[in-house]
Amino acid sequence: MRTLLLASAVVVWCGALRQTRRVWRSRQLGSIDNLELEEIQIAEALAPDCARVRVGAIGLNFADVFSVLGLYAAFSEQPPLSVAGLEFAGTVEEAGAACGYAVGDRVFGFTRFGAFADSVTQRGKLLRPTPAGWTDAEAAALLVQGLTAYYGLAKLGAATAGSRVLVHSAAGGVGMLSLEICAALGCDAVGVVSSDAKKAAIHARFPAEVADGRFKVLVRPARPDRAYRDHLRHVPRFDVVLESLGGPWFSEALDRLAPMGRLVHFGATHSYGAAAGGPLKWLSLVPSYLRRPMVDPGELTSANRAVFGFNLIWLTEREDVLEAALAELLDCAGGRPPCLDGAAFHFDDLPGALKHLQSGKTTGKVVVRVP
């Protein structure tokens with residue numbers, strides 16, 4: 001009884017302790033520089049199935065860059081002054097009676113926006129216990145990229161043992177976890193990266209797979225050229241392509257699909273990811289838009305290929321599918337923490353972290369640490 005009263009007191013004390021939270025939000029979308037750090041009241045009462053999490057780390061994704069630039073339709077449909085951000089990790093500081101967690105539990109979670117904050121309230125269904133030995137930064141790096149990679153490869157792409165898989169941006173957050181999943185499923189993978197340094201990072205993380213020839217890594221030029229095409233043509237056609245670059249890279253990948261092959265397109269970082277902010281945004285986007293690939297349905301039929309467009313945010317409308325995919329991802333991931341980018345960013349420099357991610361020079365996941 002004494003323990004129960006003590007636990008209840010801790011819940012009340014933590015709720016009273018935090019009356020405000022710090023958030024990054026934009027008063028006008030269009031530029032990363034428009035982000036402002038604000039302190040706002042925590043107005044919502046905690047529902048029984050929710051937990052309030054003191055955030056220790058925030059995982060960044062290209063969807064966050066697109067959100068702040070005003071290029072992500074799902075975020076643009078949010079109410080004005082909404083907070084961007086999709087994933088976080090930290091410690092439960094207040095727990096609803098039916099959320100499944102207790103004060104002091106370390107958790108990581110996914111949210112349909114709102115993670116750019118030092119405190120996040122989320123339903124227990126969309127939280128998971130942080131694995132023993134993992135840091136908050138490692139836990140915050142798993143869910144969005146992991147679910148994108150797993151759902152794209154295993155569900156839409158139907159990759160199985162022996163499948164030949166092409167992974168664009170293979171040294172990024174989604175790319176590295178895609179290779180982890182390929183290794184777990186027994187696939188043969190070709191990863192495409194933008195530099196020799198990123199190639200070396202993949203060789204270091206997957207030495208056994210590279211050594212036995214199951215994983216190959218290609219360094220792409222600034223634009224597809226004859227040498228790159230010839231290199232791809234020396235590799236057997238692909239059963240599955242996980243495509244995130246867009247533009248000419250989309251077309252090259254589609255051309256290399258085997259009959260019955262599946263291309264899963266989940267981003268266009270090459271085409272739109274480096275868009276300038278402010279009034280020059282549209283000037284930088286128009287050329288990419290005019291050169292966007294066109295897919296002929298008749299050609300898909302004659303070549304016997306499939307193209308999927310995938311956006312993880314819409315799975316929040318199908319919680320049954322999201323929960324099942326999350327459970328399967330955690331089984332498939334095998335307990336090894338995700339690869340993190342080497343640059344360290346503090347919460348007060350979250351815009352700088354977004355610009356670093358936007359630069360295309362990152363390896364692994366970009367994470368912001370919250371003091």
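Residues numbered from 1 in each chain as written. Predicted model: local features only at pLDDT ≥ 70, side-chain atom pairs only at ≥ 80, totals over all residues. Heavy atoms only, no water.

Named according to an unreviewed UniProt entry, the protein chain is Synaptic vesicle membrane protein VAT-1 originating from Aureococcus anophagefferens.

Visitor: Give a detailed account of the layout of surface pockets, specifying residues and quantitative values.
Guide: There is about 220 Å³ of room inside the second largest pocket. Around the second largest pocket, the lining is made up of 14 residues, and of these Arg21, Thr111, Phe113, Gly114 and Thr121 lie nearest the centre. Of the residues forming the lining of the second largest pocket, the biggest block, 3 residues, is contributed by strand β6 (residues 119–123). (1 Å grid on protein atoms, 1.4 Å probe; cavity = no way out; pocket = protein on both sides within 12 Å on 5 of 7 lines; lining within 4 Å. Points joined across faces, edges and corners; volume = space filled by probe spheres on them. Helix = DSSP H or I, 4+ residues; strand = E, 2+ residues; numbered from the N terminus.)

Visitor: So what's going on with helix α6 (residues 173–185)? Which residues, and what values?
Guide: Along an α-helix, residues three or four positions apart point the same way, because every turn accommodates 3.6 residues. Over its 13 residues, α6 extends 18 Å from the first C-alpha to the last, a length consistent with the 18 Å expected when each residue adds 1.5 Å. Among the 13 residues of α6, 10 are classified as buried, and the element is accordingly described as predominantly covered. Where α6 is concerned, the buried positions are Gly173, Val174, Gly175, Met176, Leu177, Ser178, Leu179, Glu180, Ile181 and Cys182. Directly beyond the C-terminal end of α6, a positive phi value near 85° is found at Gly186. (Expected span 1.5 Å × (residues − 1). Buried < 20%, exposed > 50% of the residue type's maximum accessible area, 1.4 Å probe, protein only.)

Visitor: Before we move on, can you summarise the packing of α6 against helix α7 (residues 196–205) with the specific residues and values?
Guide: Here α6 crosses α7 at 35°, and the two axes come no closer than 12 Å. Crossing of α6 over α7 shows right-handed handedness. Contacts between α6 and α7 involve Met176, Leu179 and Glu180 on the former and, on the latter, Ala201, Ile202 and Arg205. Counted by class, the contact of α6 with α7 contains 4 nonpolar, no polar and 2 charged residues. (Axes fitted to C-alpha atoms, helices over the stretch in contact; angles between N-to-C directions. Left-handed = near helix turned anticlockwise from the far one by under 90°. Contact = heavy atoms within 4.5 Å. Nonpolar A, V, L, I, M, F, W, Y, C, P; charged D, E, K, R; others polar.)

Visitor: For the environment of Phe113, give the residues involved together with the corresponding values.
Guide: Looking at where Phe113 falls in the secondary structure, it is placed in the loop between β5 (106–110) and β6. For the pair formed by Phe113 and Ala74, sequence separation is 39 residues and the distance between their alpha carbons is 9.5 Å. If we skip the residues at most four places from it in the chain, Phe113 touches Ser67, Tyr72, Ala74, Phe75, Gln78, Val83, Ala84, Gly85, Leu86 and Ile313.

Visitor: An account of the pairing of β5 is needed here, citing residue identities and associated values.
Guide: For β5, a buried count of 4 out of 5 residues is recorded, marking the element as mostly surrounded by other parts of the structure. Bridging between strand β4 (residues 87–95) and β5 involves 5 bridges; their strand directions are antiparallel. Its bridge partner lying in β5, Thr91 is registered against Arg106. Of the strand pairs in this sheet, β5 and strand β7 (residues 127–129) are connected by 3 bridges, and their pairing is antiparallel. What sits directly across from Phe108, in β7, is Arg128. (Pairing = 2+ DSSP bridges.)

Visitor: Tell me about the environment of Ala97, residues and numbers included.
Guide: Mapped onto the elements of the fold, Ala97 is located in the loop between β4 and β5. Judged by its relative accessible area of 85%, Ala97 is exposed. With 48 residues separating them in the primary sequence, Ala97 and Asp49 have C-alpha atoms 6.8 Å apart.

Visitor: Pulling in residues and values, what's your account of the pairing of strand β9 (residues 188–193)?
Guide: Regular strands show a simple pattern: their side chains alternate between the two faces of the sheet. For β9, the buried fraction is high: 5 of the 6 residues fall into the buried class. Relative to β9, strand β8 (residues 164–167) is paired through 4 bridges, and the arrangement is parallel. When the sheet's bridge partners are listed, Arg164 is paired in β9 with Asp188. This β-α-β element, β8 to α6 to β9, shows right-handed connectivity. (Right-handed = clockwise from strand over helix to strand, strands pointing away.)

Visitor: Provide a residue-level description of unusual backbone geometry, including the pertinent values.
Guide: Even without being glycine, Phe113 reaches a positive phi, approximately 75°. By relative accessible area, Phe113 is classed as buried at 6%. Unlike most non-glycine residues, Ser169 shows phi in positive territory, near 50°. Locating Ser169 in the fold gives a position in the loop between β8 and α6.

Visitor: Lay out the packing of aromatic side chains with the relevant residues and their values.
Guide: Taken as a whole and judged by the stated rule, the model has 5 aromatic pairs. Taken together, the ring pairs in this structure connect Tyr72, Phe75 and Phe113 into an aromatic cluster. When the ring centre of Trp249 is taken as origin, the NZ or CZ atom of Arg220, which lies over that ring, is 5.2 Å away. For Arg336, the ring lying beneath its charged end belongs to Phe206, and the centroid distance is 5.8 Å. (Phe/Tyr/Trp six-rings, centres within 6.5 Å; stacked < 30°, edge-to-face > 60°. Lys NZ or Arg CZ within 6 Å of the ring centre and 35° of its normal.)

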